[in-house]
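Topology and contacts: notes
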Amino acid sequence: MPLVGVATGVTPDLDQCTRRRLLGAVGAAGAVAAVGLGTTGGGTAQNETNGSNATTQENGGADVDSPYTDTYRETIDSVVLVTISGSSLGGGGGGLGTGFVIDDEHIVTNNHVVQSASEGGIEIQFSNQEWRPASVVGTDAYSDLAVLRVDDLPDIADGLSLSETEPVIGQEVLAIGNPLGFDASVSQGIVSGIDRSLPSPTGFSIPAAIQTDAPVNPGNSGGPLVSLEGDVLGVVFAGAAQTIGFAISARLANRVVPALIEDGTYEHPYMGVGVQPVGPEIADELGLEEANGVLVAEVVPNSPADGVLTPAGRRGPGSGDVIVAIDGEEIPNQDQLSAYLALETSPGDTIELEIVRDGEEQTVELTLAERPNIERPGTGIPSGPSERPPSTGP
């Protein structure tokens, strides 16, 4: 089931599209011809016309005793509409998504929102309806994050803070953005899960993601998932027709975004293994007391793991190493392996792996490398979260 969402693919009319006005009724003839998943420019939506029954969304209005209203009013001026008026991939088209201001010149959004933009093809609209051109500072396909630069930000746009702490399951959150082109929208929910691994067209999973039941749709992509205190817990990673949504964690963004601003790129750590969960059957074959850890199913030749770890290969799961801890941190499953590597390590670090080999516990050291370049950027989205593509891995 494809979980990766992208910008709506809406081709906006910049003269008619305004942030405080609805874009027309969804479901009306021609309103939403298609909602794109997997690429920008995958669908179309109706801009407001003179004959539409649009209403006005005002940020003001009567005082309401609601924490959601308070958080919305405190953050909405820093949430922007990101429009793509052309495609560097050819064929014309465009799209839209969401972003949010983090300082006096930078905006964070999803890589997939802007990846096909041609030079000069990105325009940003703020809550006061002012427009600004934006340029790409840096992108990272592996985390699906991008940083844009806007000169002369409006005074209303204060930077939102990326949270340094892990969200708590059950914590209330708001997703703010432009779902299906309906701008300045907010939806409410809770954190449903943490440390999720999401499938990605790069072949590598996106680790440490946040799961939420706050409704998100194409167009929300790149917007903030905020706590009621207004801190950004994650960058929305939108899909469609789902009862759950996802966000790239602020903990990962806190590592990636500064590097994108400084260098334009971010280097991810790489082990070079393919792994699978240890279930009861594998645990029994290995003689483990508990079904815990991850089995090394394959080792990529000439990778950091080559010569350090032993894969199960064709000899069956009983012959491979099981990783149970890294640097003293328990690794109960694949998601924890990906999250630990992404959040706690960097290329060049030497990590200590606690493994079970031939029924015996032992410790080995492995020095991480930089993740190889994407060999097949057009790879389809896997059917479920995975730790590695066919030729590369964590």
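A brief report on the enclosed structure follows. From a predicted model like this one, the values you see are computed outputs, not experimental measurements.

1. As for helix 1 (residues 67–75)
Buried residues of helix 1: T71, Y72 and T75, and no others. Buried residues of helix 1, viewed axially, fall in a sector of 100°; they line one side. Where helix 1 is buried, its residues contact strand 3 (79–84), strand 10 (172–177), strand 11 (185–198) and strand 13 (224–227). Backbone nitrogen of Y68 and a side-chain oxygen of the N-cap are separated by 3.2 Å at the start of helix 1; the cap is S66.

2. Description of helix 3 (residues 250–263)
Note: α-helices contain 3.6 residues per turn, so residues at a spacing of three or four share the same orientation. Between its first and last C-alpha atoms helix 3 spans 19 Å; for 14 residues at 1.5 Å apiece the expected length is 20 Å, and the two agree. All of the buried residues in helix 3 are A250, L252, A253, V256, V257, A259 and L260. G264 lies just past helix 3 and shows a positive phi near 85°.

3. Observations regarding the sheet that holds strand 3
Within the open sheet, the seven strands sit side by side as 7-6-3-4-5-9-8. Their pairing is antiparallel. Looking at which strands have only one partner, the edges of the open sheet turn out to be strand 7 (131–133) and strand 8 (135–140). Strand after strand, the sheet turns through a mean of 30° between neighbouring axes, direction not considered. Across four bridges, the pairing between strand 3 and strand 6 (residues 122–125) is antiparallel. By the bridge assignment, L81 is partnered in strand 6 with Q125. Contacting strand 5 (106–110), strand 8 and strand 9 (145–149), helix 3 runs over the sheet at an angle of about 40° to strand 9.

The rules we used
Residues numbered from 1 in each chain as written. Predicted model: local features only at pLDDT ≥ 70, side-chain atom pairs only at ≥ 80, totals over all residues. Heavy atoms only, no water. Buried < 20%, exposed > 50% of the residue type's maximum accessible area, 1.4 Å probe, protein only. Helix = DSSP H or I, 4+ residues; strand = E, 2+ residues; numbered from the N terminus. Arc of directions from axis to C-beta. Contact = heavy atoms within 4.5 Å. Polar contact = N/O pair within 3.5 Å; in protein donor to acceptor, adjacent residues only side chain to side chain. Expected span 1.5 Å × (residues − 1). Pairing = 2+ DSSP bridges. Axes fitted to C-alpha atoms, helices over the stretch in contact; angles between N-to-C directions.

So far we have only geometry, and geometry alone does not tell us how the molecule works.
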